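Summary of structural features
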Amino acid sequence: MASGVEIDEENNNESKGGMWDLEQKLDQPMDEEAGRLRNMYREKKFSTLLLLRLAYQSLGVVYGDLGTSPLYVYNNTFPHGIDDPEDVIGALSLIIYSLTLIPLLKYVFIVCRANDNGQGGTFALYSLLCRHAKINTIPNQHRTDEELTTYSRSTFHEHSFAAKTKRWLEAYPFRKNALLILVVVGTCMVIGDGILTPAISVLSASGGIKVDHPKMSNDVVVVVAVIILVGLFSLQHYGTDRVGWLFAPVVLLWFLLVGGIGIYNIWKYDSSVLRAFSPVYIYRYFRRRKSEGWTSLGGIMLSITGTEALFADLAHFPVSAIQLAFTVVCFPCLLLAYSGQAAYLMQNKDHVVDAFYRSIPESIYWPVFVIATLAAIVASQATISATFSIIKQALALGCFPRVKVVHTSKKFLGQIYIPDINWILMVLCIAVTAGFKNQSQIGNAYGTAVVIVMLVTTLLMTLIMLLVWHCHWAVVLIFTVLSLVVECTYFSAVLFKLDQGGWVPLVIAAAFLLIMYVWHYGTVKRYEFEMHSKVSMAWILGLGPSLGLVRVPGIGLVYTELASGVPHIFSHFITNLPAIHSVMVFVCVKYLPVYTVPEDERFLVKRIGPKNFHMFRCVARYGYKDLHKKDDDFEKKLFDNLFMFVRLESMMDGCSDSDEYSLYGQQTQHSRDNGSSSTANIELSYSSMDSIAPVKSHPQGNNTITSSGHESGQTEVDEMEFLNNCRDAGVVHILGNTVIRARRESRFYKKLAIDYIYAFLRKICRENSVIFNIPHESLLNVGQIFFV
């Protein structure tokens, strides 16, 4: 628990622990110190072996998508055939330098360092920015959130360029919304990758059947691909933990095979293709092909697809393992694979449609076909998992409707399964595969999605380098300009193929963008209304005598999105049913822009009002990788932290977290500055309220709040015992079932967004009672209609 009392206690413990450690070190004999150094040396050696093991395992999770690109790159680069063998050299040169500039230099050695405590993806970058600038569109954070151990952020000088950038971002809400839309666009394109990667990878791998049987209809290849896709998505609920041990050896074997075949083809057909390492051939390629060479960049770009999934799947492995695996295995094997295919095409330019399979020696054709199919499945699995992860992040930050999230592994928290999204991806993936039936149009769509994700990452990285890394503006400018020049060049080439399949990811992204933005817009409007309509506890309790407010046995948990103040649903509830439980706890479950919140820092507890009112506020904080588990742990931990707070409060002579808050839930600067007792402050504020009286401590029977200002016949009992008795009497969960509507004078687009799209999404998404696992027999819904 992290409360005001506990923070002081923890500080005391830390200071004592530090002195104790120092005394222990001073008392240590020299031989113990030498033994400690020997252990450190052993740990260093062990860490090297561990790094090699992690680099090996990362091949199966991170590089499957990037590794299967040789299946379809040359086919999409030369869809109308090869006119001049020198064009193959120019295309190979473009592939070599694309792999060097984007995956190797930009992503592996720069972007991967911009992770959020090991988490990658567009929302991880956004969360990192939210901690360094006040750009979160839902203002539910409190200064105590910044004390979390995972809330790491850097500071900068007030007059630095980073500080000016921060003030520029925070100046207008429009800039915050524009940044959020940019992040959502990148997220939607990653979802598009989750649809297109399985389609093109599996269809390309299945195409090997037709190479060996030329008379076979293309429809058979499509049917085989669809069957594989149905099986792939149907097995997602098992998670990757059970079959994940197969991924690394399959992908490693795949890289070694394509690299070895590449060496064989270079030796057998034409070793002069190695001239492509000279960038001169890029210039000659464009001079010779002109506009056709420019549009062919859409196919060249497929050689770097999977790079965005590399960053999104970063959570499972350290950056050093990712870098080692790419530089030692992936990069050289890919260069050999593309060079080998180019050498084959120099003498067999008519075989460009199936360049990969036709370049395989006949003796190992079918084993390579099987490995290629398995590698395509692994690549699809990695992209689907990345899609699940980024949707979970969007869900936590209020940018996606509530969907069911299932953890598929007890060892790896990052491995999740979202049933609704899985079946939507499967239907769309099958529709794309069966609709296009060829790699070329799917490749055009795939390239469009990937280049937009890269552009979004570049723009976010510019802010990361300024606000987080505090790089000199000249360094930031060089990185941004070089990245945008390369990526905008690819983007311009992709635009020429919008009518040839490139429109597909734009339509998919537009649909998901509409869903995500409308959901976020409705969530913000509801939060703003609740913030403005929250009521004071003094007013509610002051109405007690006139309404005959009754305290009934038990504990009432009132769920609210507000981290401060009393929600409007509570006043609505007691106005219509003038009775509250003997103990009231306002529970706020909120997500913070951190990847996780440690269990011992998850709950914040404070008291509302005097002790004898038995009212508390409990804030449960989660990170975007945390999962609110569907079990009884939440309620148990909530009460454990509540009881701990009461015990610590009594130990500290009544000095509780309330010294930072007034009755209205706002910070009271005066009480914090003068250092006086919180109980004295609060009782002073209640001294003039004659109508308020404490509840009876015994939970049996109804307890009515009267205006007498005292209790008759009450015996003083310990508050802990009172809370336990109330808990035994029963716990009731009070949820606000709020419906928001647009006002009559609202514009048409607002009525459409709120009254139809948001209302429909809210109707089909999961209820809060299901997410919190609240039993129906103890659930009480309080309905309201908000006009925004």
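Residues numbered from 1 in each chain as written. Predicted model: local features only at pLDDT ≥ 70, side-chain atom pairs only at ≥ 80, totals over all residues. Heavy atoms only, no water.

**Some thoughts on the overall build of the protein**
Along the protein, the regular secondary structure elements total 31 helices and nine strands. Scored against the burial criterion, the 788 residues of the protein give a buried share of 55%. A sequence separation of at least 24 residues applies to 83% of the contacts in the protein between residues at least 6 apart. For the protein, the accessible surface area stands at approximately 34,000 Å², while carbon and sulfur atoms represent 61% of it. (Helix = DSSP H or I, 4+ residues; strand = E, 2+ residues; numbered from the N terminus. Buried < 20%, exposed > 50% of the residue type's maximum accessible area, 1.4 Å probe, protein only. Contact = heavy atoms within 4.5 Å. Areas by Shrake-Rupley, 256 points an atom, 1.4 Å probe, with all protein chains shown as cover.)

**Looking at the confidence of the model for the protein**
When pLDDT is averaged across the protein, the result is 77; 80% of the residues are at 70 or more. Segment residues 1-46: pLDDT under 50, and 30 contacts once partners within four positions in sequence are set aside and those in other chains are kept. Every residue in residues 654-717 is under pLDDT 50, and counting partners more than four places away or in other chains gives 117 contacts. (pLDDT = per-residue confidence, 0-100.)

**Thoughts on unusual backbone geometry**
The backbone of Lys290 sits at a positive phi, close to 55°, despite the residue not being glycine. Within the fold, Lys290 resides in the loop between helix 12 (280-289) and helix 13 (291-295). Notably, His470 is not glycine yet its phi reads approximately 60°, a positive angle. Here His470 lies in the loop between helix 20 (439-467) and helix 21 (473-495). Its relative accessible area of 32% is what places His470 among the partly exposed residues.

**Structural notes on the side chain of Arg551**
Here Arg551 lies in strand 3 (residues 550-560). In terms of polar contacts, Arg551 uses its side chain to reach the backbone carbonyl oxygen of Ser582, at 2.7 Å. (Polar contact = N/O pair within 3.5 Å; in protein donor to acceptor, adjacent residues only side chain to side chain.)

**Some thoughts on the packing of helix 7 (residues 161-171) against helix 8 (residues 173-206)**
The N-to-C vectors of helix 7 and helix 8 enclose an angle of 95°; their axes lie 5 Å apart at closest approach. Taken together, the axes of helix 7 and helix 8 lie roughly perpendicular to each other. Facing helix 7, whose interface residues are Trp168, Leu169, Glu170 and Ala171, helix 8 presents Pro173, Arg175 and Lys176. In terms of residue class, the contact of helix 7 with helix 8 is made up of four nonpolar, no polar and three charged. (Axes fitted to C-alpha atoms, helices over the stretch in contact; angles between N-to-C directions. Parallel < 35°, antiparallel > 145°, perpendicular 65-115°, else oblique. Nonpolar A, V, L, I, M, F, W, Y, C, P; charged D, E, K, R; others polar.)

**Here we look at the nonpolar core**
Tyr63, Tyr74, Phe123, Tyr126, Phe255, Tyr357 and Phe400 are the most contacted members of the largest nonpolar core, which totals 163 residues. Looking at this core, the element that brings in the most residues is helix 16 (residues 319-347), giving 18 residues. Leaving out residues up to four positions away in the same chain, Tyr74 has contacts with Leu92, Ile95, Tyr338, Gln341, Ala342, Leu345, Val352 and Ala355. Formed by 28 residues, the second largest nonpolar core is a distinct cluster that contains Val605, Phe616, Ala620 and Phe643. (Core = buried A, V, L, I, M, F, W, Y, C linked by side-chain atoms within 4.5 Å.)

**Regarding the pairing of strand 5 (residues 603-607)**
Burial within strand 5 is extensive, with five of its five residues counted as buried. Here strand 5 shows two buried faces, one formed by Phe603, Val605 and Arg607 and the other by Leu604 and Lys606. Relative to strand 6 (residues 615-622), strand 5 runs antiparallel, the two sharing five bridges. Bridging from a neighbouring strand, Arg607 pairs with Phe616 of strand 6. (Pairing = 2+ DSSP bridges.)

**Regarding the packing of aromatic side chains**
For the structure on display, the rule yields 20 aromatic pairs. For the pair Tyr357 and Phe369, a centre-to-centre distance of 6.1 Å together with 50° between the ring planes defines the contact as tilted. Here Phe369 lies in helix 18 (residues 365-396) and Tyr357 lies in helix 17 (residues 355-358), a separation of twelve residues in the sequence. For Phe369, a relative accessible area of 12% puts it in the buried group. Centroid distance Phe388 to Tyr417: 6.0 Å. Interplanar angle 80°. Geometry classified as edge-to-face. Taken together, the residues Phe388 in helix 18 and Tyr417 in strand 2 (residues 416-417) connect sequence positions 29 residues apart. (Phe/Tyr/Trp six-rings, centres within 6.5 Å; stacked < 30°, edge-to-face > 60°.)

**Comments concerning helix 19 (residues 419-436)**
Note: α-helices contain 3.6 residues per turn, so residues at a spacing of three or four share the same orientation. With 18 residues, helix 19 extends 26 Å between its outermost C-alpha atoms, agreeing within 8% with the 26 Å of an ideal straight helix rising 1.5 Å per residue. Among the residues of helix 19, Pro419, Ile421, Asn422, Leu425, Met426, Cys429, Val432, Thr433 and Phe436 are the ones counted as buried. When helix 19 is viewed along its axis, its buried side chains cluster within an angular range of 150° and face the same direction. In helix 19, those exposed residues whose orientation departs by more than 90 degrees from the buried face are Val427 and Gly435. Buried residues along helix 19 sit against helix 8, helix 10 (218-234), helix 18, strand 2, helix 20 and helix 22 (503-533). (Expected span 1.5 Å × (residues − 1). Arc of directions from axis to C-beta.)

**What to know about helix 26 (residues 633-651)**
In a regular helix each residue adds 1.5 Å, so 19 residues correspond to 27 Å; helix 26 covers 27 Å between its end C-alpha atoms and thus fits that length. Residues Phe634, Leu638, Phe639, Asn641, Leu642, Phe643, Phe645, Val646, Leu648 and Glu649 constitute the buried set of helix 26.

**Section: the pattern of salt bridges**
Taken as a whole, this structure holds twelve salt bridges when the rule is applied. Here Arg526 makes a salt bridge to Glu561, at a shortest N to O gap of 2.4 Å. Note that Arg526 is positioned in helix 22 and Glu561 in the loop between strand 3 and helix 25 (568-576), a separation of 35 residues in sequence. For Arg526, a relative accessible area of 6% corresponds to the buried category. By relative accessible area, which is 26% here, Glu561 ends up partly exposed. (Salt bridge = Lys/Arg side-chain N within 4 Å of Asp/Glu carboxyl O.)

**Things to note about a nonpolar patch on the surface**
On the surface, Phe161, Trp473, Leu477, Val481 and Val485 cluster together into a nonpolar patch covering about 500 Å² of accessible area. If one sorts the elements of the nonpolar patch by residue count, helix 21 sits on top with four residues. Examined against the element boundaries, Val485 turns out to sit in helix 21. (Patch = residues over 30% accessible without salt bridge, like charges linked within 9 Å, V, L, I, M, F, W, Y side chains within 5 Å.)

**Thoughts on the pairing of strand 4 (residues 579-591)**
Burial within strand 4 is extensive, with twelve of its 13 residues counted as buried. Judged from the nine bridges that link them, strand 3 and strand 4 form a sheet pairing that is parallel. From the neighbouring strand, Gly556 faces strand 4, where its bridge partner is Met584.

**Overview of the environment of Ala337**
Tracing the backbone through its elements, the reader meets Ala337 in helix 16. Ala337 sits 266 residues away from Leu71 along the chain, and the two C-alpha atoms are 9.9 Å apart. Setting aside chain neighbours within four positions, we find Ala337 in contact with Pro70, Val258 and Gly262.

**Re the side chain of Arg131**
The residue Arg131 is located in helix 6 (residues 122-132) in this model. The exposure class assigned to Arg131 is buried, which follows from its relative accessible area of 1%. At 2.7 Å, the side chain of Arg131 and the backbone oxygen of Pro593 are in polar contact. In this view, Arg131 contacts Asp116, Asn117, Thr150, Tyr151, Ser152, Arg153, Pro593 and Val594; residues no more than four positions away in its chain are not counted.

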